[in-house]
Amino acid sequence: MRQNLHTHTTFCDGKNTAEEMVLAALEQGLDSLGFSGHSPLEGECWAMEEAAVGRYRREVLALREKYAGKMEVFLGLEQDILSPLPEEPWDYLIGSVHMLEREGERFSVDESAETFRRGVERWFGGDPLAFAEAYYRQVGAVAEKTGCQIVGHVDLVCKFNEGNCLFDTGHPRYRAAVTEALERLAGSGAILEINTGAMSRGYRTAPYPEAWTLKRANELGLPICITSDAHSTGHLTYAFDQAAHLAQSCGYQESMYLTRAGFVPGPLVP
Ligand SMILES: [Zn+2]
Ligand SMILES: [Zn+2]
């Protein structure tokens, strides 16, 4: 089974239409594709407009019909923890933390290194580990709050931190924060994604999450799936081999796949 459940289209901040993504997925040998448009979040241009959600649902469901027998299409949503909970039924949700909130003000976790530094100064007294701790408190709650089946890019706070240039991911405070979040997620039965999106867009040379975090997740019994957080047709299976290799090196032997009957385990490398 070759599948990607984390994809974006022109309904939010993706570059291609949903049908272009289906056609590219067919060409690239996928047999199933899940759409995970960003849940509406007022004032954020990367999220879907509230008014677009109905059209998004209709279009994805129409593609499911049109390509039946060739491509299994799933209707999903990347549910931000700060978005209102969706009322409609979805095949699956990816629960993600993209922003933190303080005193009614939202600030981004993953916009740029500069935004991260500004957030650290303004809200955390110049202590980047305090930012990371606040981030992981939210991540730990994401499955309970959103009801998601998949947790999106669990260490997104490391997006601009390669080489530990912003904070030390080996620090006991960092590792305690990660562990606490993973323990809570393990209790909720959520699946972690290994996400190559930041690699495809040139921000990182390795997938999310970092090896230490993934090993810890494996020890805690958290299952995984492999996605590319694709925002264009060219990135639908970006670095999937590297993601599978990372999973293997962290002790994983299988990956989870969504079927009409729910999530089932399958091979790491299909
Ligand atoms: Zn995301
Ligand atoms: Zn995404």
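Structure: above.
Right, let's walk through the structure included here.

What counts, and where the lines are drawn
- Residues numbered from 1 in each chain as written.
- Chains lettered and ligands numbered in written order.
- Predicted model: local features only at pLDDT ≥ 70, side-chain atom pairs only at ≥ 80, totals over all residues.
- Helix = DSSP H or I, 4+ residues; strand = E, 2+ residues; numbered from the N terminus.
- Buried ≥ 20, exposed ≤ 12 C-beta atoms within 10 Å, placed from the backbone.
- Contact = placed C-beta atoms within 7 Å.
- Axes fitted to C-alpha atoms, helices over the stretch in contact; angles between N-to-C directions.
- Parallel < 35°, antiparallel > 145°, perpendicular 65-115°, else oblique.
- Nonpolar A, V, L, I, M, F, W, Y, C, P; charged D, E, K, R; others polar.
- Expected span 1.5 Å × (residues − 1).
- Arc of directions from axis to C-beta.
- Core = buried A, V, L, I, M, F, W, Y, C linked by C-beta atoms within 7 Å.
- Pairing = 2+ DSSP bridges.
- Right-handed = clockwise from strand over helix to strand, strands pointing away.
- Left-handed = near helix turned anticlockwise from the far one by under 90°.

Notes on the overall build of the chain
Thinking step 1. Helices and strands together make up the secondary structure of the chain, namely 8 helices and 11 strands.
Thinking step 2. By principal-axis analysis of the C-alpha atoms, the chain measures approximately 55 × 40 × 35 Å.
Thinking step 3. Every one of the 270 residues in the chain was classed for burial, and the buried ones make up 47%.
Thinking step 4. Sequence-distant contacts, at least 24 apart, represent 70% of the contacts inside the chain between residues at least 6 apart.

Concerning the packing of helix H4 (residues 128-146) against helix H5 (residues 172-188)
Thinking step 1. Their axes nearest at 8 Å, the elements H4 and H5 cross at an angle of 5°. The angle between H4 and H5 falls in the class roughly parallel. On H5, the residues that touch Leu129, Ala132, Glu133, Tyr136, Val139, Gly140, Ala143 and Glu144 of H4 are Arg173, Tyr174, Ala177, Val178, Glu180, Ala181, Arg184, Leu185 and Ser188.
Thinking step 2. For the contact of H4 with H5, the residue count by class is 10 nonpolar, 2 polar and 5 charged.

Overview of helix H2 (residues 53-66)
Thinking step 1. With 14 residues, H2 should cover 20 Å at 1.5 Å per step; its first-to-last C-alpha distance of 20 Å lies within 8% of that length.
Thinking step 2. Tyr56, Val60 and Leu63 are the residues of H2 that are buried. Taken around the axis of H2, the buried residues stretch over an arc of 60°, which confines them to a single face. With respect to the buried face of H2, the exposed residues turned more than 90 degrees away are Gly54, Arg55, Arg58, Leu61, Glu65 and Lys66.
Thinking step 3. If you follow the buried residues of H2, they end up packed against helix H1 (18-27), strand S2 (32-38) and strand S3 (72-80).

Here we look at the nonpolar core
Thinking step 1. Tyr135, Val151 and Ala247 are the most contacted members of the largest nonpolar core, which totals 80 residues.
Thinking step 2. Take this core: its biggest share by element is 8 residues, from H4.
Thinking step 3. Look past the residues within four positions of Val151 in its chain and what remains in contact with it is Gly95, Val142, Ala143, Leu185, Ala190, Leu192 and Glu193.

Quick notes on the pairing of strand S5 (residues 99-102)
Thinking step 1. Here S5 runs beside strand S6 (residues 105-108); their pairing, made up of 4 bridges, is antiparallel. Residue Arg102 lies in a different strand from S6, and its bridge partner there is Glu105.
Thinking step 2. Here S5 folds back onto S6 in antiparallel fashion, the turn holding 2 residues, of which Glu103 has a positive phi close to 45°.

Considerations on the pairing of strand S8 (residues 191-195)
Thinking step 1. A large share of S8 lies buried, amounting to 5 of its 5 residues.
Thinking step 2. Alternating positions in S8 separate into two faces, Ile191, Glu193 and Asn195 on one and Leu192 and Ile194 on the other, with burial throughout.
Thinking step 3. Bridging between strand S7 (residues 150-151) and S8 involves 2 bridges; their strand directions are parallel. For Ile150, the partnering residue across the bridge sits in S8 and is Ile191.
Thinking step 4. In the classification by handedness, the crossover that spans S7, the intervening H5 and the parallel S8 is right-handed.
Thinking step 5. With 4 bridges joining them, S8 and strand S9 (residues 224-227) adopt parallel strand pairing. The residue of S9 that forms the bridge with Leu192 is Ile224.

Some remarks on the sheet that holds S8
Thinking step 1. One open sheet accounts for 7 strands, arranged S1-S2-S3-S4-S7-S8-S9; its pairing is parallel. With one partner strand each, in any of the chains shown, strand S1 (3-4) and S9 form the two edges of the open sheet.
Thinking step 2. In this structure, strand S4 (residues 92-96) lies alongside S7, joined through 2 bridges in parallel fashion. If you follow Gly95 over to S7, its bridge partner there is Val151.

A look at the packing of H1 against H2
Thinking step 1. Direction vectors running N to C along H1 and H2 enclose 35°, while the axes themselves pass 10 Å from each other. Handedness of the crossing formed by H1 with H2: right-handed. Between H1, through Ala18, Glu19 and Val22, and H2, the contact on the second element is made entirely by Glu59, Val60 and Leu63.
Thinking step 2. The residue makeup of the contact of H1 with H2, split by class, is 4 nonpolar, no polar and 2 charged.

A closer look at the environment of Gly170
Thinking step 1. By secondary structure assignment, the location of Gly170 is in the loop between S7 and H5.
Thinking step 2. Since 10 C-beta atoms lie within 10 Å of it, Gly170 is described here as exposed.
Thinking step 3. In the structure, Gly170 is positioned 42 residues away from Trp212 in sequence and 8.7 Å away in space, judged by C-alpha atoms.

Section: unusual backbone geometry
Thinking step 1. In this chain, Tyr208 is followed by Pro209 through a cis amide linkage whose omega measures -15°.
Thinking step 2. Following the sequence through the fold, Pro209 ends up in the loop between helix H6 (197-200) and helix H7 (211-219).
Thinking step 3. Positive phi, close to 55°, is recorded for Ala239, a residue that is not glycine.
Thinking step 4. Relative to the helices and strands, Ala239 resides in the loop between S9 and helix H8 (240-249).
Thinking step 5. Overall, Ala239 belongs to the buried group, with 20 C-beta atoms counted inside 10 Å.

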